[in-house]
Number of protein chains: 2
Amino acid sequence: MKKIDVCLSPEMVHLHKTEGKVVVVIDILRATSCMTTALANGIESITAVASLEECKALGEQGYLTAAERDGKKVDGFDLGNSPFSYQDESIKGKKIVVTTTNGTQAIVKSAGAREILVGSFLNFSTVVNYLRAQPNDVLMHCAGWKGKMNLEDTLFAGAVVDALKGDFSHDEDSVLTALNLYYSAKSDMIGFLSNSSHVRRLQGLGIMKDIEFCLTKDIYDVLPIMRDGKIVNAHLEKVVL
Amino acid sequence: MKKIDVCLSPEMVHLHKTEGKVVVVIDILRATSCMTTALANGIESITAVASLEECKALGEQGYLTAAERDGKKVDGFDLGNSPFSYQDESIKGKKIVVTTTNGTQAIVKSAGAREILVGSFLNFSTVVNYLRAQPNDVLMHCAGWKGKMNLEDTLFAGAVVDALKGDFSHDEDSVLTALNLYYSAKSDMIGFLSNSSHVRRLQGLGIMKDIEFCLTKDIYDVLPIMRDGKIVNAHLEKVVL
């Protein structure tokens, strides 16, 4: 049987093998929710970079730029880290370059994987169905917050493991922890997360609307996947090929 | 109000400050349970070292040697990692040098703390009462398994945080995760842990009796504390002073 594993933060990913696996990068609040939203709204590709300088450099080559640090949009860039910024008609067909506090690092540290996907509640079932249909082991890679684990990414990982019961086996305590958090949270995710460090941080920034949106399941049917350093929608790719 | 934090594995401890804090090292199965048992049975001091070589070298100076790797006693050393080995009259008054897969590393990586304690269910209330009475912030440092987190250390951390409600505040998601695991496990810890990676590993080694013992609360009233590189029973120390 295929195996599924959960890595609680990029700080731990060297302890989990990425080689040969499908790695799902998770940054629910809000990087991977934004990426999902952007691809669903017609963005052609997303390039994730580690630094503001790299982000600016690609901006000079015609990319839309998106930069977030500590939960806030960085001045001088086109877009921040609210999913609602990625629903505008004007972004259709454009390429975006993105740098964020955590999500970007998790993508960079997933190097070596057979495939890198981007997961969020917004495209939950699309990700689950793809993982079920493909033949490889899976690593759910939580972006966390500055190297530490967080609740929302871990419980998303738990939700995916739960949905894949019967198709995957697991033998790590991080998987049991993620499942346990998901079972505790699933009847009222916003309530469960209201004490989490990240939600308190974002509440301080006044973006409860973003949080509610990012916790909504199955709004979009897109499968964000890394191809040659860019994240694209694999569904469109199939149509093109 | 004093703060309490949980570090899920020594691999993450550089992200938590140890400076100025009381750090409680936790390796429930079985290093810190053994240390507690040893001090309760009259061992004078415990020296934790990283390598088998250092362990052997102190053995040549007259220390009892205890060495465990991958859950098994290492050949050529006096003691392994079963708490029952530390209940014999013959060990009374001796000094022990210990090296284990995980617990030792967590002790070594707690360097910089104001005080380093050793916690286990066996001396649960003694540790909790000490933490409540003293004035500093606390970091619960889970030893985990080879850098990854594990269930039993995390839920012990959660049990301590729960017992200290009202005396300490917290703001990290790792603390909420530990609390959540503890609330799920507390009515039947052995049942809850039966699927954990570590318990499955130890069951393979046929030591269910050790596991049941290590999950029993308040057998011993000892407070293991690091002094000049050695772990001693702080209660005896007070009597001597």
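Our structure is the block above this text.
Given the structure is predicted, the values throughout are model-derived calculations rather than measurements.

### So, the relation of the copies chain A and chain B
At step 1: For the pair chain A and chain B, the relating rotation is 180 degrees, the translation along its axis is 0.0 Å, and the fit reaches an RMSD of 0.0 Å. One copy is carried onto the other by what is essentially a two-fold rotation axis.
At step 2: Interface overlap between copies: 100% of the residues of chain A at the interface are likewise at the interface in chain B, consistent with a symmetric, same-surface contact.

### Observations concerning the interface of chain A and chain B
At step 1: Facing the 28 residues of chain A at the interface are 29 residues of chain B.
At step 2: The contact between chain A and chain B buries some 2,200 Å² in all, and 58% of this surface belongs to carbon and sulfur atoms.
At step 3: Among the ionic pairs, Lys 148 of chain B bridges to Glu 172 of chain A, the shortest N-O distance being 3.0 Å.
At step 4: In this assembly, chain A and chain B are joined by eleven residue pairs in polar contact (both at pLDDT 80 or more).
At step 5: Only helix 5 (151-163), helix 6 (173-185) and helix 8 (197-204) of chain A provide two or more residues apiece to the side of chain A that touches chain B.
At step 6: With seven residues, the top contributor of residues to the side of chain A that touches chain B is helix 6 of chain A.

### As for the environment of Leu 58 of chain A
All names here are of chain A.
At step 1: Along the chain, the position of Leu 58 falls in helix 2 (residues 52-59).
At step 2: Take Leu 58: its relative accessible area is 15%, and that puts it in the buried class.
At step 3: When near neighbours in sequence (up to four residues on either side) are disregarded, Leu 58 contacts Thr 47, Val 49, Tyr 63 and Val 97.

### Here's the deal with the packing of helix 5 of chain A against helix 6 of chain A
All names here are of chain A.
At step 1: Running from amino to carboxyl end, helix 5 crosses helix 6 at an angle of 95 degrees, the nearest separation of the two axes being 7 Å. When the axes of helix 5 and helix 6 are compared, the pair comes out roughly perpendicular. Touching Leu 151, Thr 154, Leu 155, Ala 157, Gly 158, Ala 159, Val 161 and Asp 162 of helix 5 are Val 175, Ala 178, Leu 179, Leu 181, Tyr 182, Tyr 183 and Ala 185, all from helix 6.
At step 2: For the contact of helix 5 with helix 6, the class distribution of residues is twelve nonpolar, two polar and one charged.

### Re helix 1 (residues 31-40) of chain B
All names here are of chain B.
At step 1: Most of helix 1 sits out of view: nine of its ten residues are buried.
At step 2: All buried positions along helix 1 are accounted for by Ala 31, Thr 32, Ser 33, Cys 34, Met 35, Thr 36, Thr 37, Ala 38 and Leu 39.
At step 3: Residue Gly 42 follows helix 1 closely and has a positive phi angle near 95 degrees.

### Here's the deal with the state of the cysteines
At step 1: For the structure on display, the rule yields zero disulfides over all chains.
At step 2: Free cysteine Cys 34 of chain A: the closest other cysteine sulfur is in Cys 214 of chain A, separated by 6.3 Å.
At step 3: Counting only cysteine sulfurs, Cys 34 of chain B is the nearest neighbor of Cys 55 of chain B, a cysteine outside any disulfide, at a range of 13 Å.

Parameters at a glance
Residue numbers restart at each chain and count upward from 1, following the sequence in its written direction. Chains carry letters and ligands carry numbers; both start at the beginning, A for chains and 1 for ligands, and go up in the order they are written. With pLDDT at 70 or above as the cut-off, local features in this predicted model cover only qualifying residues; side-chain atom pairs require 80 or more to be listed or tallied, and sums for whole chains, interfaces and linings still use all residues. Hydrogen atoms and water are omitted, and side-chain values are computed over all heavy atoms in the structure. When the copies are superposed, the least-squares fit draws on C-alpha atoms of residues that have pLDDT of at least 70 in both. Here, residues are in contact when the closest pair of their heavy atoms is within 4.5 Å. By definition, the buried area sums, over both parts, the 1.4 Å-probe accessible area that each loses when the two are put together. By definition here, a salt bridge exists when the distance from a side-chain nitrogen of Lys or Arg to a carboxyl oxygen of Asp or Glu is within 4 Å. Side-chain atoms alone can form a polar contact between residues adjacent in sequence; in general such a contact is a pair of N or O atoms within 3.5 Å, and within protein one must be able to donate a hydrogen while the other accepts it. Numbering of helices and strands starts at the N terminus; helices are DSSP runs of H or I of at least 4 residues and strands are runs of E of at least 2. Burial classes: relative accessible area under 20% of the type maximum marks a residue as buried, over 50% as exposed, and values in between as partly exposed (1.4 Å probe, protein chains only). Note on geometry: axes are lines fitted to C-alpha atoms, helical ones only across the stretch in contact, with angles between N-to-C directions running from 0 to 180 degrees. Just so you know how the angles are binned, under 35 degrees is roughly parallel, over 145 roughly antiparallel, 65 to 115 roughly perpendicular, and the rest oblique. When residues are sorted by character, Ala, Val, Leu, Ile, Met, Phe, Trp, Tyr, Cys and Pro go into the nonpolar class, Asp, Glu, Lys and Arg into the charged class, and all the rest, Gly among them, into the polar class. Throughout, a disulfide means two cysteine sulfur atoms within 2.5 Å of one another.

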